[in-house]
Number of protein chains: 2
Amino acid sequence: MQNIRTVTQNFDFHTHQFLNHISLDCVVFGFHDNQLKVLLIRMKYTKEWALPGGFVKEDESLEVAANRVLKDRTGLDNIFLKQFKVFSEPQRSDRNPAVKDLIDSGSNPDHEWFNQRFISIGFYALVDFSKAEPTPDFFSDLCAWKTLDEINTLILDHSQILNKALETLRLQLNYQPLGYNLLADKFTMPELQKLYETILGKELDRRNFQRKMLSYGILNKLQERKTGGAHKAPYLYEFNLENYQKALQNGLFGGW
Amino acid sequence: MQNIRTVTQNFDFHTHQFLNHISLDCVVFGFHDNQLKVLLIRMKYTKEWALPGGFVKEDESLEVAANRVLKDRTGLDNIFLKQFKVFSEPQRSDRNPAVKDLIDSGSNPDHEWFNQRFISIGFYALVDFSKAEPTPDFFSDLCAWKTLDEINTLILDHSQILNKALETLRLQLNYQPLGYNLLADKFTMPELQKLYETILGKELDRRNFQRKMLSYGILNKLQERKTGGAHKAPYLYEFNLENYQKALQNGLFGGW
DNA sequence: ATGTTAGTGTGTCATATTGACGCAATGATA
DNA sequence: TATCATTGCGTCAATATGACACACTAACAT
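Note that this is a predicted model, so its numbers are computed, not measured.

Attention now goes to the overall build of chain A. Counting its secondary structure elements, chain A contains 8 helices and 10 strands. By the burial criterion, 51% of the 256 residues in chain A qualify as buried. In chain A, the share of contacts with a sequence separation of at least 24, taken over all contacts with a separation of at least 6, comes to 71%. On chain A, roughly 12,300 Å² of surface is accessible, and the fraction owed to carbon and sulfur atoms is 47%.

Residue and element names in this part refer to chain B. A large share of strand E6 (residues 118-126) lies buried, amounting to 9 of its 9 residues. Here strand E1 (residues 19-32) pairs with E6 via 9 bridges, running parallel. The residue of E6 that forms the bridge with His21 is Phe118. Here 7 bridges tie strand E5 (residues 80-87) to E6, and the two strands are oriented antiparallel to one another. Residue pairing for E6: Lys85 is matched across the bridge by Gly122.

Next up on the list: the sheet that holds strand E9 (residues 219-225) of chain A. Within the open sheet, the 3 strands sit side by side as E8-E10-E9 (chain A). Their pairing is antiparallel. One side of each edge strand has no neighbouring strand; the edge strands of this open sheet are strand E8 (187-188) and E9 of chain A.

The next thing to look at is the protein's contact with DNA strand D. Taken together, 20 residues form the shell around DNA strand D, and within it A:Arg207, A:Arg211, B:Arg206, B:Arg207 and B:Tyr235 come nearest. A:Arg207 has a polar side-chain atom sitting 2.5 Å from a base nitrogen of DNA strand D. Within the side chain of B:His231, one N or O atom sits 3.2 Å away from a base nitrogen of DNA strand D. Elements with a contribution of two residues or more to the surface near DNA strand D: helix H7 (206-215) of chain A together with helix H7 (206-215) of chain B. The biggest single contributor to the surface near DNA strand D is H7(A), with 4 residues. Residue composition of the surface near DNA strand D, by class: 5 nonpolar, 5 polar and 10 charged.

The next thing to look at is helix H2 (residues 62-74) of chain A. Residues and elements named next belong to chain A. For H2, which comprises 13 residues, the first-to-last C-alpha distance of 18 Å matches the rise-based estimate of 18 Å (1.5 Å per residue) to within 8%. Within the span of H2, buried status applies to Leu62, Ala65, Ala66, Val69, Leu70, Arg73 and Thr74. Down the axis of H2, the buried side of the element spans an arc of 145°, and every buried residue falls inside it. Positive backbone phi, at 80°, marks Gly75, one or two positions downstream of H2.

Below, the discussion takes up the pattern of salt bridges. A side chain of one charge can pair with a side chain of the opposite charge if their charged atoms are brought near each other. A full pass over the atoms with the stated rule returns 24 salt bridges over all chains. The closest approach of N and O atoms between B:Asp205 and B:Arg207, which form a salt bridge, is 3.3 Å. Here the salt bridges do not stand alone but share partners, grouping A:Asp25, A:Arg92 and A:Asp157 into one network.

As a further point, take the protein's contact with DNA strand C. For DNA strand C, the set of nearby residues contains 20 residues, the closest of which are A:Arg206, A:Arg207, A:Tyr235, B:Arg207 and B:Arg211. Within 4 Å of the protein, the atoms of DNA strand C are drawn from sugar and phosphate moieties in a proportion of 42%. B:Arg207 is positioned such that a nitrogen or oxygen atom in its side chain is 2.6 Å from a base oxygen of DNA strand C. For DNA strand C, a base nitrogen lies 2.6 Å from a polar atom in the side chain of B:Arg211. Contributing elements (two or more residues each) for the surface near DNA strand C: H7 of chain A together with H7 of chain B. It is H7(B) that contributes the most residues to the surface near DNA strand C, 4 residues altogether. When grouped by side-chain class, the residues that make up the surface near DNA strand C number 5 nonpolar, 5 polar and 10 charged.

Turning our attention to the packing of helix H6 (residues 189-200) of chain B against H7(B). Residue and element names in this part refer to chain B. Running from N to C, H6 and H7 cross one another at 95°; their axes reach a closest spacing of 10 Å. Looking at the two axes, H6 sits roughly perpendicular to H7. Note on element contacts: H7 touches H6 through Arg206, Phe209, Gln210, Met213 and Leu214, opposite Met189, Leu192, Gln193 and Tyr196. The class makeup of the residues in the contact of H6 with H7 is 6 nonpolar, 2 polar and 1 charged.

Residue and element names in this part refer to chain B. The pairing of strand E8 (residues 187-188) with strand E10 (residues 235-239) spans 2 bridges and is antiparallel. Note on E10: the bridge partner recorded for Phe187 is Tyr237. Bridge analysis of strand E9 (residues 219-225) against E10 gives 4 bridges, and the strand direction is antiparallel. Residue pairing for E10: Leu219 is matched across the bridge by Phe239.

Moving on, we come to the environment of A:Pro190. Looking at where A:Pro190 falls in the secondary structure, it is placed in helix H6 (residues 189-200). Separated by 20 residues in sequence, A:Pro190 and A:Gln210 have C-alpha atoms that sit 8.8 Å apart.

Attention shifts here to the packing of aromatic side chains. Pairs of aromatic rings are described using the distance from one ring centre to the other and the angle between the two planes. Residues and elements named next belong to chain B. Tallying each qualifying case throughout the model produces 21 aromatic pairs over all chains. On the numbers, 5.7 Å between centres and 40° between planes, the contact of Phe55 with Phe118 is tilted. With Phe55 in the loop between strand E4 (53-54) and helix H2 (62-74) and Phe118 in strand E6, this residue pair connects regions lying 63 residues apart in the sequence. The class of Phe55 is buried, set by a relative accessible area of 15%.

Residue and element names in this part refer to chain A. Turning to its location among the elements, Gln193 is positioned in helix H6. Overall, Gln193 belongs to the buried group, its relative accessible area being 8%. Excluding residues within four positions of it along the chain, Gln193 makes contact with Leu204, Asp205, Arg206 and Phe209.

This part covers the sheet that holds E9(B). Pairing between the strands of a sheet is mediated by backbone hydrogen bonds and can be parallel or antiparallel. Strands sit in the order E8-E10-E9 (chain B) across an open sheet of 3 strands; the sheet is antiparallel. A single partner strand is all that each edge strand has here, and the edge strands are E8 and E9 of chain B.

With that settled, consider unusual backbone geometry. Excluding glycine, a negative phi dihedral is what most residues carry, and trans is how most peptide bonds are arranged. The phi torsion at A:Asn34 lies on the positive side, around 55°, for a residue other than glycine. For A:Asn34, a relative accessible area of 38% corresponds to the partly exposed category. Phi is positive for B:Lys47, which is not a glycine, with a value near 65°. With respect to the helices and strands, B:Lys47 occurs in the loop between strand E2 (35-43) and strand E3 (49-50).

Thresholds, definitions, all that
- Residues numbered from 1 in each chain as written.
- Chains lettered and ligands numbered in written order.
- Predicted model: local features only at pLDDT ≥ 70, side-chain atom pairs only at ≥ 80, totals over all residues.
- Heavy atoms only, no water.
- Helix = DSSP H or I, 4+ residues; strand = E, 2+ residues; numbered from the N terminus.
- Buried < 20%, exposed > 50% of the residue type's maximum accessible area, 1.4 Å probe, protein only.
- Contact = heavy atoms within 4.5 Å.
- Areas by Shrake-Rupley, 256 points an atom, 1.4 Å probe, with all protein chains shown as cover.
- Pairing = 2+ DSSP bridges.
- Near = heavy atom within 4 Å.
- Polar contact = N/O pair within 3.5 Å; in protein donor to acceptor, adjacent residues only side chain to side chain.
- Nonpolar A, V, L, I, M, F, W, Y, C, P; charged D, E, K, R; others polar.
- Expected span 1.5 Å × (residues − 1).
- Arc of directions from axis to C-beta.
- Salt bridge = Lys/Arg side-chain N within 4 Å of Asp/Glu carboxyl O.
- Axes fitted to C-alpha atoms, helices over the stretch in contact; angles between N-to-C directions.
- Parallel < 35°, antiparallel > 145°, perpendicular 65-115°, else oblique.
- Phe/Tyr/Trp six-rings, centres within 6.5 Å; stacked < 30°, edge-to-face > 60°.

Pasting the structure below:
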């Protein structure tokens, strides 16, 4: 019987042609002022904006690593997180020439590391805007929420990652509930609708939205109303956690 | 102004605590005899069954690597491929004790490599069963199609990967067309329906299925009928490629 | 205090979609 | 030529959807 030595003796493990660098990038969504926001960091040296991210330790799963990164960036635990795509184009780590010069200059011993191709796992996260405390990391001097239209160029392929995250979120809206992780505990129907509209990028009929949303059975209507607004006080709702979880598992149906 | 050297001087790049091993695993689906089949390989040394997979070269994207792997396994180019999840649990590379002994024995210099945790990107692929030529790789002595109920234990967490692929496929069925990559050029409505039923794991009403499928406008009905069966000869259909592509892009609606 | 205004709660109605089923036609087999 | 399982094509009630009407109310300006 041949042993594993025989089997593998011709296989070229040790040339390092298969040693890849892994990172993860997080698209962190929050909802505030009836607007969808994304958490970004600004690089210390180049002042470019980027998605928060990090590396994966050898004893961590990606999910654990992403949670660690987001705990660092927001102070929050148990964030709603989902892998959505891996980005691995060989050119994805190519910087624009000006930035590359900056990095290569100063006889920096780490520029080799920086110029490697990283295979990056994209996560999107949904967090309660009001509870997050944006905190920069080792490479950045700023961490802040940005609305989508405030975001111009991002580092590397991060714009592409952001767009894909949005696209994924839009798709998921069609077969799973959303809102629990983005809204306060109590919220109004118009607030929930605005959230949906912002993500979908289109307006929805107020009355039909309510009908459909209620039909899912994931909301508890409260007696309380939200006062202080300039108009008729809307009722407050909360999610029915039990049914919400079930709906996450089993899926909803009907698109928007 | 601080330069990048200052920025990174305290960051521990070089401990290798961030050097991960990457692999990819493919769940290759085919359809034959009205049954869904999955392509598996059998390991030379341990005789365990596994999903076909491979490593990613430093100048390849994941997609290119997966195409390379599948070209090797099936002889086919331009296979329909989709990432669906990354598997990264630290224990995922732990083998069962008996197998581990086999691998560690024989003073095999590569057993360290084999016992590493690999972060593996899961792909699923849809291929025309009749055109694929299953071919084992360097580590395997057999490559063959298996129906789902013929599959028992797979190596490592490959069963989990397979299940997740199936689950993903089921979900995708709700918002994108399927069939072009799995069926022959011409096919009958009952064949298409069987495909859907097999993936969903439940039966569908023949007449309602046809109505819904036709409503998508992705089929061309041919004048030809399929003879040879023991009963009334069903019409043949082909996919309307233009509309099929559009539907892939824009999505369908309504679930099963 | 009163009217205005914009946002809210609730309901209606025509139309489209869905699920469940009927029935005649057909092609190999007995 | 009869049988039988399967196919093509259709019906109908129930349900879901999209578009819209109308009354209500909290804050604000006058």
